[in-house]
Amino acid sequence: MTTESAAPQLVINTHRTRRTAAHAAASVRPIDFHRTIPGYQATPLVPLRRVAAALRVGKVVIKDEAVRIGLPAYKVLGGSWALHQAIVRATAQAADRVVPFDELQSRARQLGRVTLCTATDGNHGRGIAAMAERLGFACVIYVPADMVADRIAAIESHGAQVRRVAQGYSAAVHAAAAAAGAEGWWLCADTASGDEPPAAAAFVGDVSAGYETLFQELVDQLGSAPDVLLVQAGVGALASSAITFFRRQGASTRIASVEPAGSNCVQASIAAGEPTQVADSFTIMAGLRSQQISTAAWPVLRDGLHAAISIPDERTRDAMRLLARDGVVAGESGAAGLAGLLDVASDARGRTELGLEPAVTVALINTEGATDPQGYAEIVGADPAPAVTAT
(Lines give C-alpha, C1' and ligand atoms only; values in the text may rest on other atoms or scores of the structure.)
Protein backbone atom coordinates (compact mmCIF):
# COMPACT_ATOMS: atom_id res chain seq x y z
CA MET A 1 0.00 0.00 0.00
CA THR A 2 1.27 3.47 -0.80
CA THR A 3 0.03 6.69 0.74
CA GLU A 4 1.74 9.01 -1.72
CA SER A 5 -0.49 11.39 -3.68
CA ALA A 6 -0.85 15.00 -4.72
CA ALA A 7 -1.78 17.47 -1.99
CA PRO A 8 -5.24 16.60 -0.72
CA GLN A 9 -8.25 18.82 -1.32
CA LEU A 10 -8.72 19.75 2.32
CA VAL A 11 -10.59 22.73 3.77
CA ILE A 12 -10.33 23.40 7.50
CA ASN A 13 -13.52 24.78 9.04
CA THR A 14 -12.64 28.16 10.55
CA HIS A 15 -16.27 28.72 11.61
CA ARG A 16 -16.35 25.77 13.99
CA THR A 17 -17.27 26.39 17.61
CA ARG A 18 -15.48 24.64 20.47
CA ARG A 19 -18.48 23.62 22.57
CA THR A 20 -18.73 19.89 23.25
CA ALA A 21 -22.11 19.40 24.95
CA ALA A 22 -24.56 21.50 22.98
CA HIS A 23 -27.35 18.97 22.64
CA ALA A 24 -29.79 17.68 25.23
CA ALA A 25 -30.42 13.96 25.50
CA ALA A 26 -33.17 12.69 23.20
CA SER A 27 -36.40 11.58 24.90
CA VAL A 28 -36.60 8.52 22.64
CA ARG A 29 -33.75 6.80 20.82
CA PRO A 30 -34.05 5.69 17.19
CA ILE A 31 -32.01 2.57 17.99
CA ASP A 32 -34.76 1.36 20.31
CA PHE A 33 -37.20 1.49 17.38
CA HIS A 34 -34.77 -0.02 14.87
CA ARG A 35 -34.25 -3.01 17.14
CA THR A 36 -37.96 -3.86 16.70
CA ILE A 37 -37.74 -4.07 12.89
CA PRO A 38 -37.57 -7.69 11.67
CA GLY A 39 -34.08 -8.33 10.32
CA TYR A 40 -32.36 -5.71 12.46
CA GLN A 41 -28.90 -6.45 13.76
CA ALA A 42 -25.92 -4.24 14.45
CA THR A 43 -23.69 -4.01 11.39
CA PRO A 44 -20.06 -5.20 11.76
CA LEU A 45 -17.17 -3.03 12.84
CA VAL A 46 -14.21 -4.27 10.80
CA PRO A 47 -10.57 -3.51 11.73
CA LEU A 48 -8.35 -2.35 8.87
CA ARG A 49 -5.01 -3.33 10.37
CA ARG A 50 -2.95 -3.01 7.21
CA VAL A 51 -4.33 0.47 6.59
CA ALA A 52 -3.54 1.50 10.17
CA ALA A 53 0.01 0.19 9.86
CA ALA A 54 0.58 1.93 6.54
CA LEU A 55 -0.75 5.24 7.85
CA ARG A 56 1.10 4.97 11.18
CA VAL A 57 -1.97 5.39 13.37
CA GLY A 58 -3.11 3.26 16.28
CA LYS A 59 -6.29 1.81 14.81
CA VAL A 60 -8.52 2.17 11.75
CA VAL A 61 -11.99 0.61 11.81
CA ILE A 62 -14.83 0.72 9.33
CA LYS A 63 -18.54 0.37 10.12
CA ASP A 64 -19.76 -1.92 7.36
CA GLU A 65 -23.24 -0.95 6.17
CA ALA A 66 -23.20 -3.27 3.15
CA VAL A 67 -26.20 -5.09 4.65
CA ARG A 68 -28.57 -3.06 6.83
CA ILE A 69 -32.05 -4.47 7.59
CA GLY A 70 -31.87 -6.46 4.36
CA LEU A 71 -30.79 -3.50 2.21
CA PRO A 72 -27.33 -2.60 0.90
CA ALA A 73 -26.95 0.79 2.61
CA TYR A 74 -27.40 2.65 5.90
CA LYS A 75 -30.06 4.98 4.48
CA VAL A 76 -33.00 2.86 5.67
CA LEU A 77 -32.14 3.91 9.23
CA GLY A 78 -33.11 7.49 8.50
CA GLY A 79 -36.18 6.80 6.40
CA SER A 80 -37.62 4.24 8.79
CA TRP A 81 -37.23 6.46 11.86
CA ALA A 82 -38.71 9.47 10.03
CA LEU A 83 -41.70 7.35 9.02
CA HIS A 84 -42.06 6.20 12.63
CA GLN A 85 -42.26 9.81 13.71
CA ALA A 86 -44.62 10.81 10.87
CA ILE A 87 -47.04 7.98 11.63
CA VAL A 88 -46.94 8.78 15.35
CA ARG A 89 -47.92 12.36 14.54
CA ALA A 90 -50.55 11.35 11.99
CA THR A 91 -52.25 9.01 14.46
CA ALA A 92 -52.10 11.54 17.32
CA GLN A 93 -49.95 9.32 19.50
CA ALA A 94 -47.70 10.50 22.30
CA ALA A 95 -44.22 11.25 20.97
CA ASP A 96 -42.41 10.24 24.15
CA ARG A 97 -42.27 6.50 23.49
CA VAL A 98 -41.09 4.20 20.73
CA VAL A 99 -43.83 2.44 18.79
CA PRO A 100 -42.61 -1.09 17.92
CA PHE A 101 -42.60 -1.91 14.23
CA ASP A 102 -45.52 -4.36 14.30
CA GLU A 103 -47.64 -1.74 16.05
CA LEU A 104 -46.45 0.88 13.56
CA GLN A 105 -47.69 -1.33 10.71
CA SER A 106 -51.09 -1.51 12.38
CA ARG A 107 -51.24 2.25 12.78
CA ALA A 108 -50.20 2.70 9.14
CA ARG A 109 -53.18 0.60 8.03
CA GLN A 110 -55.49 2.90 9.99
CA LEU A 111 -54.39 5.82 7.82
CA GLY A 112 -55.87 4.37 4.64
CA ARG A 113 -54.24 5.13 1.29
CA VAL A 114 -50.98 7.03 1.73
CA THR A 115 -48.41 7.69 -1.00
CA LEU A 116 -44.80 8.40 -0.09
CA CYS A 117 -42.70 10.52 -2.44
CA THR A 118 -39.05 11.50 -2.50
CA ALA A 119 -36.06 12.12 -4.72
CA THR A 120 -32.96 9.98 -4.59
CA ASP A 121 -29.63 9.21 -6.17
CA GLY A 122 -30.16 5.61 -5.08
CA ASN A 123 -30.09 4.51 -1.48
CA HIS A 124 -32.50 6.89 0.28
CA GLY A 125 -35.17 6.18 -2.30
CA ARG A 126 -34.73 2.45 -1.97
CA GLY A 127 -34.98 2.71 1.81
CA ILE A 128 -38.24 4.67 1.54
CA ALA A 129 -39.58 2.22 -1.04
CA ALA A 130 -38.75 -0.76 1.18
CA MET A 131 -40.49 0.82 4.17
CA ALA A 132 -43.51 1.73 2.03
CA GLU A 133 -43.73 -1.91 0.98
CA ARG A 134 -43.66 -3.10 4.60
CA LEU A 135 -46.15 -0.49 5.79
CA GLY A 136 -48.64 -0.93 2.93
CA PHE A 137 -48.09 2.54 1.45
CA ALA A 138 -47.81 3.49 -2.23
CA CYS A 139 -44.52 5.07 -3.28
CA VAL A 140 -43.25 7.34 -6.06
CA ILE A 141 -39.51 7.99 -6.38
CA TYR A 142 -37.89 10.67 -8.57
CA VAL A 143 -34.36 9.95 -9.82
CA PRO A 144 -31.76 11.50 -12.14
CA ALA A 145 -32.19 10.07 -15.62
CA ASP A 146 -28.57 8.86 -15.73
CA MET A 147 -28.92 6.64 -12.65
CA VAL A 148 -27.61 3.14 -13.39
CA ALA A 149 -30.26 0.58 -14.29
CA ASP A 150 -29.52 -1.76 -11.38
CA ARG A 151 -30.25 0.97 -8.83
CA ILE A 152 -33.54 1.83 -10.52
CA ALA A 153 -34.53 -1.83 -10.70
CA ALA A 154 -33.74 -2.22 -7.00
CA ILE A 155 -36.15 0.59 -6.12
CA GLU A 156 -38.83 -0.83 -8.39
CA SER A 157 -38.43 -4.26 -6.78
CA HIS A 158 -40.25 -2.90 -3.73
CA GLY A 159 -43.28 -1.91 -5.79
CA ALA A 160 -42.37 1.77 -6.10
CA GLN A 161 -42.99 3.81 -9.23
CA VAL A 162 -39.79 5.45 -10.50
CA ARG A 163 -39.90 8.72 -12.45
CA ARG A 164 -36.75 9.92 -14.24
CA VAL A 165 -35.74 13.59 -14.35
CA ALA A 166 -33.32 14.70 -17.06
CA GLN A 167 -31.66 17.63 -15.29
CA GLY A 168 -30.00 15.77 -12.40
CA TYR A 169 -30.43 15.22 -8.66
CA SER A 170 -31.40 18.77 -7.68
CA ALA A 171 -34.09 18.80 -10.36
CA ALA A 172 -35.36 15.47 -9.03
CA VAL A 173 -35.62 17.00 -5.54
CA HIS A 174 -37.71 19.88 -6.88
CA ALA A 175 -39.87 17.55 -8.98
CA ALA A 176 -40.63 15.33 -5.98
CA ALA A 177 -41.56 18.31 -3.81
CA ALA A 178 -43.83 19.73 -6.50
CA ALA A 179 -45.56 16.40 -7.11
CA ALA A 180 -46.07 15.75 -3.40
CA GLY A 181 -47.59 19.18 -2.94
CA ALA A 182 -49.90 18.84 -5.92
CA GLU A 183 -51.06 15.29 -5.12
CA GLY A 184 -51.23 15.48 -1.33
CA TRP A 185 -48.51 12.82 -0.95
CA TRP A 186 -46.15 12.57 2.03
CA LEU A 187 -42.87 14.21 1.04
CA CYS A 188 -40.13 11.98 2.47
CA ALA A 189 -37.03 14.01 1.63
CA ASP A 190 -33.63 13.76 3.29
CA THR A 191 -32.64 17.30 2.30
CA ALA A 192 -34.18 20.72 2.91
CA SER A 193 -34.13 23.99 1.00
CA GLY A 194 -35.73 26.07 3.76
CA ASP A 195 -39.18 26.54 2.23
CA GLU A 196 -40.74 23.14 2.99
CA PRO A 197 -44.07 22.83 4.81
CA PRO A 198 -43.67 21.91 8.49
CA ALA A 199 -44.35 18.18 8.03
CA ALA A 200 -41.73 17.88 5.30
CA ALA A 201 -39.18 19.87 7.30
CA ALA A 202 -39.78 17.63 10.32
CA PHE A 203 -39.23 14.55 8.15
CA VAL A 204 -35.81 15.82 7.04
CA GLY A 205 -34.74 16.35 10.63
CA ASP A 206 -36.00 12.93 11.65
CA VAL A 207 -34.05 11.27 8.83
CA SER A 208 -30.83 12.71 10.21
CA ALA A 209 -31.78 11.67 13.74
CA GLY A 210 -32.39 8.11 12.54
CA TYR A 211 -28.80 7.79 11.40
CA GLU A 212 -27.67 8.11 15.02
CA THR A 213 -28.31 4.39 15.43
CA LEU A 214 -25.18 3.78 13.35
CA PHE A 215 -23.05 5.90 15.66
CA GLN A 216 -24.54 4.39 18.82
CA GLU A 217 -23.59 0.94 17.53
CA LEU A 218 -20.12 2.19 16.64
CA VAL A 219 -19.45 3.48 20.15
CA ASP A 220 -20.88 0.32 21.72
CA GLN A 221 -18.67 -1.87 19.53
CA LEU A 222 -15.53 0.24 19.88
CA GLY A 223 -15.98 0.81 23.60
CA SER A 224 -15.51 4.57 23.27
CA ALA A 225 -15.85 7.39 20.80
CA PRO A 226 -13.21 7.41 18.03
CA ASP A 227 -10.62 10.17 17.96
CA VAL A 228 -11.25 10.88 14.27
CA LEU A 229 -14.27 10.12 12.11
CA LEU A 230 -14.42 10.53 8.35
CA VAL A 231 -18.01 10.57 7.11
CA GLN A 232 -19.44 10.84 3.62
CA ALA A 233 -21.29 14.03 2.72
CA GLY A 234 -23.89 14.37 0.00
CA VAL A 235 -26.37 16.99 1.22
CA GLY A 236 -24.83 16.71 4.69
CA ALA A 237 -27.45 14.73 6.64
CA LEU A 238 -25.16 11.89 7.77
CA ALA A 239 -22.34 14.22 8.77
CA SER A 240 -24.71 16.45 10.74
CA SER A 241 -26.09 13.37 12.48
CA ALA A 242 -22.56 12.38 13.52
CA ILE A 243 -21.82 15.83 14.91
CA THR A 244 -25.08 15.94 16.87
CA PHE A 245 -24.55 12.45 18.28
CA PHE A 246 -20.96 12.90 19.41
CA ARG A 247 -21.55 16.35 20.87
CA ARG A 248 -24.44 14.94 22.86
CA GLN A 249 -21.98 12.33 24.15
CA GLY A 250 -19.56 15.06 25.14
CA ALA A 251 -16.94 13.46 22.87
CA SER A 252 -14.05 15.38 21.30
CA THR A 253 -14.12 13.37 18.06
CA ARG A 254 -12.70 15.29 15.11
CA ILE A 255 -15.20 14.85 12.26
CA ALA A 256 -14.29 15.44 8.61
CA SER A 257 -16.62 15.16 5.64
CA VAL A 258 -15.67 13.45 2.38
CA GLU A 259 -17.33 14.10 -0.98
CA PRO A 260 -16.56 13.97 -4.72
CA ALA A 261 -14.33 16.72 -6.08
CA GLY A 262 -16.92 17.63 -8.71
CA SER A 263 -19.87 17.55 -6.32
CA ASN A 264 -18.48 19.25 -3.22
CA CYS A 265 -21.31 21.46 -1.98
CA VAL A 266 -20.41 20.85 1.67
CA GLN A 267 -16.74 21.72 1.15
CA ALA A 268 -17.65 24.81 -0.88
CA SER A 269 -20.06 25.93 1.83
CA ILE A 270 -17.50 25.41 4.60
CA ALA A 271 -14.93 27.38 2.61
CA ALA A 272 -17.36 30.24 1.98
CA GLY A 273 -18.94 30.23 5.43
CA GLU A 274 -22.42 30.07 3.92
CA PRO A 275 -24.47 27.58 1.88
CA THR A 276 -22.93 27.47 -1.59
CA GLN A 277 -24.31 25.69 -4.63
CA VAL A 278 -22.04 23.85 -7.07
CA ALA A 279 -22.65 22.76 -10.64
CA ASP A 280 -23.98 19.28 -11.36
CA SER A 281 -21.11 16.99 -12.28
CA PHE A 282 -21.17 13.25 -12.93
CA THR A 283 -19.35 11.09 -10.41
CA ILE A 284 -19.25 7.35 -9.86
CA MET A 285 -20.03 8.17 -6.21
CA ALA A 286 -23.69 8.52 -7.14
CA GLY A 287 -24.88 8.58 -3.53
CA LEU A 288 -22.81 11.72 -2.93
CA ARG A 289 -23.79 13.62 -6.08
CA SER A 290 -25.37 16.76 -4.65
CA GLN A 291 -25.28 20.36 -5.78
CA GLN A 292 -26.77 22.06 -2.72
CA ILE A 293 -26.26 21.51 1.00
CA SER A 294 -29.35 20.82 3.08
CA THR A 295 -30.43 23.90 5.01
CA ALA A 296 -31.29 21.59 7.91
CA ALA A 297 -27.73 20.24 8.02
CA TRP A 298 -25.87 23.48 7.38
CA PRO A 299 -25.90 25.08 10.87
CA VAL A 300 -24.72 21.82 12.46
CA LEU A 301 -21.94 21.37 9.90
CA ARG A 302 -20.86 25.00 10.18
CA ASP A 303 -20.58 24.75 13.96
CA GLY A 304 -19.22 21.22 14.34
CA LEU A 305 -17.38 19.96 11.26
CA HIS A 306 -13.60 19.97 11.68
CA ALA A 307 -12.66 19.73 8.00
CA ALA A 308 -14.08 19.01 4.55
CA ILE A 309 -12.28 16.76 2.07
CA SER A 310 -12.99 16.25 -1.62
CA ILE A 311 -11.65 13.39 -3.72
CA PRO A 312 -11.56 12.46 -7.42
CA ASP A 313 -13.30 9.30 -8.60
CA GLU A 314 -10.03 7.44 -9.04
CA ARG A 315 -9.31 7.68 -5.31
CA THR A 316 -12.51 5.85 -4.43
CA ARG A 317 -11.75 3.15 -7.01
CA ASP A 318 -8.44 2.51 -5.25
CA ALA A 319 -10.19 2.42 -1.87
CA MET A 320 -12.77 -0.08 -3.14
CA ARG A 321 -9.95 -2.44 -4.14
CA LEU A 322 -8.20 -2.05 -0.77
CA LEU A 323 -11.41 -2.76 1.13
CA ALA A 324 -12.13 -5.82 -1.00
CA ARG A 325 -8.75 -7.19 0.05
CA ASP A 326 -9.96 -7.03 3.66
CA GLY A 327 -13.28 -8.66 2.79
CA VAL A 328 -15.36 -5.47 2.83
CA VAL A 329 -17.69 -5.03 -0.15
CA ALA A 330 -17.89 -1.27 -0.63
CA GLY A 331 -19.69 0.53 -3.40
CA GLU A 332 -18.33 3.71 -4.92
CA SER A 333 -19.81 5.99 -2.25
CA GLY A 334 -19.11 3.46 0.48
CA ALA A 335 -15.35 3.58 -0.10
CA ALA A 336 -15.15 7.38 -0.12
CA GLY A 337 -14.25 7.66 3.57
CA LEU A 338 -11.19 5.47 3.18
CA ALA A 339 -10.26 7.33 0.01
CA GLY A 340 -10.37 10.62 1.91
CA LEU A 341 -8.29 9.22 4.75
CA LEU A 342 -5.60 7.90 2.39
CA ASP A 343 -5.47 11.26 0.66
CA VAL A 344 -5.20 13.36 3.82
CA ALA A 345 -2.76 10.99 5.54
CA SER A 346 -0.34 11.38 2.63
CA ASP A 347 0.12 15.06 3.42
CA ALA A 348 1.90 16.53 6.45
CA ARG A 349 -0.61 19.35 6.83
CA GLY A 350 -3.52 16.96 6.57
CA ARG A 351 -2.07 14.65 9.21
CA THR A 352 -1.53 17.57 11.57
CA GLU A 353 -4.96 19.10 11.06
CA LEU A 354 -6.78 15.82 11.72
CA GLY A 355 -4.40 14.74 14.46
CA LEU A 356 -3.35 11.50 12.75
CA GLU A 357 -0.86 10.40 15.38
CA PRO A 358 0.37 6.91 16.37
CA ALA A 359 -2.10 6.39 19.23
CA VAL A 360 -5.34 7.63 17.62
CA THR A 361 -8.36 5.58 16.55
CA VAL A 362 -9.85 6.51 13.19
CA ALA A 363 -13.37 5.41 12.25
CA LEU A 364 -14.79 5.17 8.73
CA ILE A 365 -18.20 4.17 7.36
CA ASN A 366 -18.84 1.89 4.43
CA THR A 367 -22.15 3.54 3.61
CA GLU A 368 -23.17 1.09 0.88
CA GLY A 369 -22.42 -2.29 -0.59
CA ALA A 370 -22.22 -3.05 -4.31
CA THR A 371 -25.40 -1.22 -5.35
CA ASP A 372 -24.09 -1.29 -8.93
CA PRO A 373 -22.80 -4.89 -9.21
CA GLN A 374 -21.53 -4.48 -12.76
CA GLY A 375 -19.63 -1.32 -11.91
CA TYR A 376 -18.21 -2.96 -8.80
CA ALA A 377 -16.94 -5.94 -10.78
CA GLU A 378 -15.30 -3.68 -13.36
CA ILE A 379 -13.48 -1.68 -10.67
CA VAL A 380 -12.51 -4.41 -8.24
CA GLY A 381 -11.97 -7.16 -10.80
CA ALA A 382 -14.35 -9.60 -9.14
CA ASP A 383 -18.03 -9.99 -8.46
CA PRO A 384 -19.21 -8.79 -5.02
CA ALA A 385 -18.47 -11.34 -2.31
CA PRO A 386 -20.66 -11.78 0.76
CA ALA A 387 -20.27 -8.98 3.29
CA VAL A 388 -17.98 -9.46 6.28
CA THR A 389 -19.80 -10.70 9.39
CA ALA A 390 -19.13 -9.56 12.93
CA THR A 391 -15.51 -9.08 13.92
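Here's a quick rundown of the structure.

The full count for this structure, using the stated rule, is 20 salt bridges. Between Asp190 and Lys75 there is a salt bridge, with the nearest N and O atoms lying 3.1 Å from each other. You can see Asp190 sitting in the loop between strand 7 (186-187) and helix 8 (198-210) and its partner Lys75 sitting in the loop between strand 3 (59-64) and helix 3 (76-90), a full 115 residues away along the chain. Of the two residues, Asp190 and Lys75, neither departs from the other in class, the shared state being buried. As a salt-bridge pair, Arg321 and Asp318 come within 2.9 Å of each other at their nearest N and O atoms. Of the two residues, Arg321 and Asp318 are both situated in helix 13 (residues 313-325); the distance of three residues between them amounts to about one turn of the helix.

Looking now at the layout of surface pockets. Of the voids in this model, the largest pocket is the one considered here, and its volume is about 600 Å³. Along the walls of the largest pocket sit 31 residues, with Ala177, Leu187, Ala189, Glu196 and Ala200 positioned nearest its centre. At the level of secondary structure, the elements contributing two or more residues to the lining of the largest pocket comprise helix 3, strand 4 (115-119), helix 7 (169-183), strand 7 and helix 8. Here the lining of the largest pocket gets eight residues from one element, more than from any other, and that element is helix 7. Of the residues that constitute the lining of the largest pocket, the class distribution is 19 nonpolar, eight polar and four charged. Residue lining of the second largest pocket: 28 residues in total, with Ser208, Ala209, Glu212, Thr244 and Arg248 positioned closest to the centre. A per-element tally of the lining of the second largest pocket places helix 10 (residues 237-248) first, with six residues. By residue class, the composition of the lining of the second largest pocket is 13 nonpolar, ten polar and five charged.

Criteria and cut-off values
- Residues numbered from 1 in each chain as written.
- Predicted model: local features only at pLDDT ≥ 70, side-chain atom pairs only at ≥ 80, totals over all residues.
- Heavy atoms only, no water.
- Salt bridge = Lys/Arg side-chain N within 4 Å of Asp/Glu carboxyl O.
- Helix = DSSP H or I, 4+ residues; strand = E, 2+ residues; numbered from the N terminus.
- Buried < 20%, exposed > 50% of the residue type's maximum accessible area, 1.4 Å probe, protein only.
- 1 Å grid on protein atoms, 1.4 Å probe; cavity = no way out; pocket = protein on both sides within 12 Å on 5 of 7 lines; lining within 4 Å.
- Points joined across faces, edges and corners; volume = space filled by probe spheres on them.
- Nonpolar A, V, L, I, M, F, W, Y, C, P; charged D, E, K, R; others polar.

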